[in-house]
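The chain contents come next:
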Amino acid sequence: MPEAPLTLPTLIRTIRNARTQAEERELVQRESAKIRGAFRGDEPDTRASNLAKLLYIHMLGYPAYFGQMECLKLIAAQKFHEKRIGYLGAALLLDEKQDTHLLLTNSIKNDLLHPSAWVQCLALSTLGSLGSAAMFRDLAGEVEQLARVGQPSVRRKAVVCAVHITRKVPDLTDTFVSLGEQLLTDRNHGILHGAVMLIAEMCEQNPQALEHFRKRVPQLVGILHNLVVAGYSPDNSISGISDPFLQVQVLRLLRILGHDNEEISDAMNDALAQVATNTDATRNVGSAILYETVLTIMGVHSASGLRVLAINILGRFLNNKDRNIRYVALASLQKLLQAESSAVQRHRSTVLACLTDPDPTVKRRALQLSLALVNSSNVRATIKELLDFLSACAPDLKSDCASGIFLAAEKFAPNKRWHIDTILQVLTMAAAYVRDDAVPNLTHLIGGAKELHSYAVQQLYEALAQDISQQPLVQVATWCIGEYGSLLLAGSCEEIEPKQVDPEELLSLLERVLQSHLSLPATRGYALTALMKLGTHLQGNSINRIRRLVSIYCSCHDVELQQRAVEYNALFRKYDHLRASVLEKMPLVDKAGDTEEGSEREQPGREISIAANIPEVEPSGSSKQLESSQVSDLLCLLGDPAEPSPLQPVMDTPVATRSVLDLLRDLKPPASALSRLVVYDRDDLLVEFSMERPPLEVTLLLITATVSNRAPDDVTAFSLQVAVPKSFQLELLAPSGSTVRGQGGPPVTQLIRVLNPRKLPLRMRLRLAYTLPSGTAVQQIEEISSFPEAAWQ
């Protein structure tokens, strides 16, 4: 005997009692098979109950597509309860992508003309939820007629359906313009609410409708005034406020009508002020109306006093107990900050108080607004509050807070000392959360504040002695100790009480940094460079200690540290006479000139590359005339040095080989010569570049610098130093002499070989040093970026 089908309550109870997913799936599949069989047998008595069970199965996520045609059959039925199940099933199982829903048009049209209001409401609800553009075009006339006459419940449904039609098919806006005007005079609040929604939708979709309904602004203002002054009505009032839903919709419509129209905006100013002052904000419904009022005031050309009132309303929202209202107020104030900065600034203390809110979303919004409120007049007080917040906030907010403080301090710092102190506090409290550019920015700031070098190095030394775990702080401190350690050893500081540091204590601190398991390879690189630079100010046992520490890292697993240690060790062993000049203080690099992929950006802690710049043979007589300080200056012209040049020095060719090569010399194509370029013309000294590119080496540029003197007397101690970005490789050969003879004498020449593997536009910086006949020493820096395209393409 076949098992009897389950009723809907029994099916729901059985599925809920299923212990496993497999048991539930088996039950659903069994019942779906029974429903499918009943549909095939065309049993009209059980069709409605079977479809109801199928809809429940559909809501659980199981397939129910085979019930679509049954929905259409039930919609065409005569009984109301069957129509109701049919329309419900159509709303759940059909959509515009299915061809089946086109069959609904005729059934819905018949039901729109049905004498029963209940059936008409079912048809209007279904049409509004799943109607297509074609269905709306076919049935727009019937909907418009039902909205004009009939029972209030049907008219409300018809007006809402008209809103959907206007949104879906803007071309039908003209059909409902006269309807909107008529419904504005209706006394039923439900119909009036729908009419306002319909007019707002038409105004957004059609500019002609917008201009047409702007004439109705006085009528809308009157409706809003009546709602504000109306007393309690049990049918429409909520929490003592008359129909807040209608008030919100009217305010939204006024905002649309008054946008970019000063005359219309003036007509609604009094009504907006009345709503803003007479609405109770202690309840949620009142807050909703006030928030919509604020949006309307700020969205139209309202008076300045009214805009300040709107900002003050948002300020009062910040003290509301509801965290959602506080969040909305913070978000709104941030959007209005640019337009009404002075008015928003009055609530700065309240915004800062929201930083202690227990809700993390409110706290994040308060942080964003607090950072946006910082300006030159309140930077000290606001940053102090933000630093207190940074010390106690959650880790997920520390990064945003630290970055915001960095930007605000850089933009509005009253002086450099305050700026340095602020950044140091951030590094001390949240160094692990700062941006990657925090270290170079702070080193650049300290390097540019010459009068604060002693203060900065002493503060950083004390911070480093207390904590070596904060890596950005350690990097800045070690860089500062390396550059300005002499001031720390001398104990000279005018800003605070000076403190003279013993050299052994300083070396022990740097040794701790090197040996700490918390130190990153980059941090150890800073520390090694700091040791080397301190060595230029120390003697005796301290030098030996530095050499021992450096030599430890000659076998380090990190290639960068190993290379640096080997280079520094070579500097001690072979070029000790150059050590003081090579390790001089870094010159300040202009941040505005950092271009071309950051290749010229100064990176503290990687000042030199000894292997790339110290020759393997004894310097020639002309190169020995260069002062040791000039060697360091050349290395620092463009920040980091170029990579070691692969160009090998020209070796003497054996005679036998030379004779063979000479046989083919005439077969080689000549090098392509380029135009001459004047790079320096001052003090009767003329420096010209003549360029040529060997045809067999397309990435190599040969530049011959010719230096001539137009004055009658000689120019002595002449030196030319050249630097290029990292993407180029440079070889500067020895000049023909260091004295530029007077007028008529032979010029000084020097060959420059530039390898450009990536064929980038060539830029070059020159440092020229010479002594005039009067005995005046001259140093000039010139930057050349006007090389012809043929020189680098």
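Residues numbered from 1 in each chain as written. Predicted model: local features only at pLDDT ≥ 70, side-chain atom pairs only at ≥ 80, totals over all residues. Heavy atoms only, no water.

Caption draft 1: Structural view of the overall build of the chain. For the chain, the count of helices and strands is 37 helices and 10 strands. Counting contacts in the chain only where the partners sit at least 6 residues apart, residues at least 24 apart contribute 66% of the total. Accessible surface for the chain amounts to roughly 38400 Å². Of this, 51% is attributable to carbon and sulfur atoms. (Helix = DSSP H or I, 4+ residues; strand = E, 2+ residues; numbered from the N terminus. Contact = heavy atoms within 4.5 Å. Areas by Shrake-Rupley, 256 points an atom, 1.4 Å probe, with all protein chains shown as cover.)

Caption draft 2: Here's a closer look at the packing of helix 9 (residues 152-168) against helix 11 (residues 189-205). For the pair helix 9 and helix 11, the least separation of the axes is 9 Å and the interaxial angle reads 10 degrees. One way to sum up the angle between helix 9 and helix 11 is to call them roughly parallel. Two secondary-structure elements touch here, helix 9 through Pro 152, Arg 155, Arg 156, Val 159, Ala 162, Val 163, Thr 166 and Arg 167 and helix 11 through Gly 190, Ile 191, Gly 194, Ala 195, Met 197, Leu 198, Glu 201, Met 202 and Gln 205. By residue class, the composition of the contact of helix 9 with helix 11 is 9 nonpolar, 4 polar and 4 charged. (Axes fitted to C-alpha atoms, helices over the stretch in contact; angles between N-to-C directions. Parallel < 35°, antiparallel > 145°, perpendicular 65-115°, else oblique. Nonpolar A, V, L, I, M, F, W, Y, C, P; charged D, E, K, R; others polar.)

Caption draft 3: Summary view of the sheet that holds strand 9 (residues 764-771). Pairing is antiparallel across the open sheet formed by 3 strands, whose spatial order is 6-9-10. Either end of the sheet is taken by a strand with one partner, and the two such strands are strand 6 (716-723) and strand 10 (777-784). On average, adjacent strands in this sheet sit at an angle of 15 degrees to one another, irrespective of strand direction. (Pairing = 2+ DSSP bridges.)

Caption draft 4: A look at the packing of helix 11 against helix 14 (residues 244-258). The interhelical angle for the contact between helix 11 and helix 14, taken along N-to-C directions, is 25 degrees, at an axis separation of 9 Å. Taken together, helix 11 and helix 14 sit at an angle that is classed as roughly parallel. Along this stretch, helix 11 crosses helix 14, giving a crossing that reads as left-handed. Judged by residue contacts, His 189, Leu 192, His 193, Val 196, Met 197, Ile 199, Ala 200, Cys 203 and Glu 204 of helix 11 engage Phe 245, Leu 246, Gln 249, Val 250, Arg 252, Leu 253, Ile 256 and Leu 257 from helix 14. Split into classes, the residues belonging to the contact of helix 11 with helix 14 amount to 12 nonpolar, 3 polar and 2 charged. (Left-handed = near helix turned anticlockwise from the far one by under 90°.)

Caption draft 5: Looking closely at the confidence of the model for the chain. Per-chain confidence: the chain averages 84 in pLDDT, with 87% of residues scoring 70 or above. Taken together, the stretch residues 592-671 has pLDDT below 50 and engages in 127 contacts with residues farther than four places along the chain or on a different chain. (pLDDT = per-residue confidence, 0-100.)

Caption draft 6: Representation of the packing of aromatic side chains in the model. Within the structure shown, the criterion is met by 5 aromatic pairs. Between Phe 39 and Phe 66, the aromatic rings sit 6.5 Å apart at their centres with planes inclined by 55 degrees, giving tilted as the arrangement. Residue Phe 39 is located in helix 2 (residues 21-40), and its partner Phe 66 is located in the loop between helix 3 (47-59) and helix 4 (68-75); the two are separated by 27 residues in the primary sequence. Ring geometry for Tyr 680 versus Tyr 770: centroids 6.3 Å apart, planes at 70 degrees, classification edge-to-face. Taken as a pair, Tyr 680 in strand 3 (residues 672-682) and Tyr 770 in strand 9 lie far apart in primary sequence, 90 residues in all. (Phe/Tyr/Trp six-rings, centres within 6.5 Å; stacked < 30°, edge-to-face > 60°.)

Caption draft 7: The arrangement of unusual backbone geometry in detail. Backbone geometry places Asp 260, a non-glycine residue, at a positive phi of 60 degrees. For Asp 260, the position within the fold is in the loop between helix 14 and helix 15 (262-267). For Asp 260, a relative accessible area of 58% corresponds to the exposed category. Non-glycine residue Asp 683 carries a positive phi angle of around 55 degrees. Within the fold, Asp 683 resides in the loop between strand 3 and strand 4 (685-693). (Buried < 20%, exposed > 50% of the residue type's maximum accessible area, 1.4 Å probe, protein only.)

Caption draft 8: Quick peek at the pattern of salt bridges. Tallying each qualifying case throughout the model produces 34 salt bridges. A salt bridge links Arg 137 to Asp 171, with the nearest nitrogen and oxygen atoms 3.7 Å apart. Here Arg 137, found in helix 8 (residues 133-148), pairs with Asp 171, found in the loop between helix 9 and helix 10 (177-183); they are 34 residues apart in sequence, far enough to count as distant. Across the pair Arg 545 and Glu 511 runs a salt bridge whose closest N-O atoms are separated by 2.8 Å. With Arg 545 in helix 31 (residues 541-552) and Glu 511 in helix 29 (residues 503-515), this residue pair connects regions lying 34 residues apart in the sequence. What makes Arg 545 buried here is its relative accessible area of 16%. A single salt-bridge network, built from bridges that share partners, covers Asp 42, Arg 47, Glu 70 and Lys 73. (Salt bridge = Lys/Arg side-chain N within 4 Å of Asp/Glu carboxyl O.)

Caption draft 9: Geometry of the state of the cysteines. For the structure shown, the criterion picks out 0 disulfides. In this model Cys 554 remains outside any disulfide bridge; the closest cysteine sulfur is found in Cys 556, 9.9 Å from its own. Residue classification places Cys 554 among the partly exposed positions, given a relative accessible area of 23%. (Disulfide = S-S within 2.5 Å.)

Caption draft 10: Region of the structure containing a nonpolar patch on the surface. On the surface, Met 59, Leu 88 and Leu 92 cluster together to form a nonpolar patch covering roughly 290 Å² of accessible area. Here Leu 88 is to be found in helix 5 (residues 80-93). On the basis of relative accessibility, which here comes to 44%, the residue Leu 88 falls in the partly exposed class. (Patch = residues over 30% accessible without salt bridge, like charges linked within 9 Å, V, L, I, M, F, W, Y side chains within 5 Å.)

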